[in-house]
Amino acid sequence: MFSELSKNFFLKKYYFNRPEMEKLLIISVLFSILLLSARVIITNKLLFVFLPWNLFLAWVPYQISTALMQKPGLVESKWKLGALCIAWILFIPNAFYILTDLFHLQLREESTRWFDLTLIFSFAWNGLLLGILSVRQMEKIASHVLGLKSEWLFLVPVMWLIALGIYIGRFMRFNSWDVITNPFTLFGEIGYMLIHPFRHFVSWSTIGCFAIFMTIIYISIKRLAKEI
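Presented here is a report on the structure given in the accompanying data block. Residue positions are counted from 1 within each chain, in the order its sequence is given. In keeping with the model being predicted, local features are shown solely for residues with a pLDDT of at least 70 and side-chain atom pairs are shown and tallied solely at 80 or more, while totals for entire chains, interfaces and linings include all residues. Hydrogens and water molecules were not included; the side-chain quantities draw on all heavy atoms of the structure.

Attention shifts here to helix 11 (residues 183-195). Given 3.6 residues per helical turn, the α-helix brings residues three or four places apart onto the same face. In this description a helix means any DSSP run of H or I spanning at least four residues, a strand means any run of E spanning at least two, and both kinds are numbered starting from the N terminus. What a helix should span is 1.5 Å times the count of its residues minus one. In this model helix 11 runs 18 Å from its N-terminal to its C-terminal C-alpha over 13 residues, within 8% of the 18 Å that 1.5 Å per residue would give. Burial here depends on accessible area, computed with a 1.4 Å probe over protein chains only, as a share of the maximum for the residue type. Under 20% is buried, over 50% is exposed, and the range in between is partly exposed. Among the residues making up helix 11, those that are buried are Leu186, Ile190 and Met193. Projected down its long axis, helix 11 carries its buried residues within an arc of 55°, all on one side. Every exposed residue of helix 11 that faces more than 90 degrees away from the buried side is listed here: Phe184 and Ile195. On its buried face, helix 11 is in contact with helix 9 (152-170), helix 10 (178-181) and helix 12 (201-227). Relevant arc is that of directions from the helix axis to the C-beta atoms, nothing else. The contact criterion used is simple: two residues touch if any of their non-hydrogen atoms lie within 4.5 Å.

Below you can see the structure in the form of structure tokens.
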């Protein structure tokens with residue numbers, strides 16, 4: 001039966017011909033969708049239907065970095081590389097942002113809290129994997145294009161920008177596309193935070209904690225992959 005499935009054109013194109021890591025991601029995402037579907041059917045509530053959308057936004061930067069890895073012509077063209085890098089930095093916070101959806105657990109009734117924990121964390125885990133894989137791909141590209149001698153020259157600014165993006169999304173309630181649809185308000189509020197850092201000490205402390213924590217996760221998984 002498995003051999004017959006592997007011959008199916010659709011499955012062959014979208015699953016069997018993919019790298020091993022992407023196959024695991026597909027299975028993990030399907031598991032998350034199954035959990036969400038079960039919750040909707042059992043409770044008859046559309047409470048967490050926003051999670052697939054958040055996961056789609058996490059998938060966008062991974063697709064951008066994968067395209068850059070697989071198509072050298074995009075990297076060789078400075079304007080294409082620049083445009084895609086800007087798009088990537090705007091969307092990559094979404095991959096790690098899903099971790100903050102765990103905040104929604106405090107609003108849930110006790111009877112479903114454990115199930116909801118598994119549900120939200122499964123989506124967060126998928127977003128985290130997409131984010132780590134995407135950052136790793138961009139690190140390789142940056143090392144090649146810029147000739148960086150140390151991974152920290154890439155990681156430190158990128159993780160701080162990601163943490164800032166998470167804070168902007170969760171607490172300031174802006175989206176990635178507000179750069180185009182609402183740029184003056186967005187950059188005005190960011191500029192105010194930059195000009196008056198001590199008035200926003202808690203905000204910058206939160207951003208710093210996010211940045212350090214994500215860096216630890218990234219480096220740990222990267223080192224672990226080399227050890228295994």
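What follows picks up the thread again.
If you check the backbone angles, Asn44 has positive phi at about 60° while not being a glycine. With respect to the helices, strands and loops of the structure, Asn44 is situated in the loop between helix 3 (20-43) and helix 4 (51-70). Under the relative-accessibility criterion, Asn44 is labelled exposed at 70%. Phi at Arg173 takes a positive value of approximately 65°, unusual for a residue other than glycine. Mapped onto the secondary structure, Arg173 falls in the loop between helix 9 and helix 10. What makes Arg173 exposed here is its relative accessible area of 54%.

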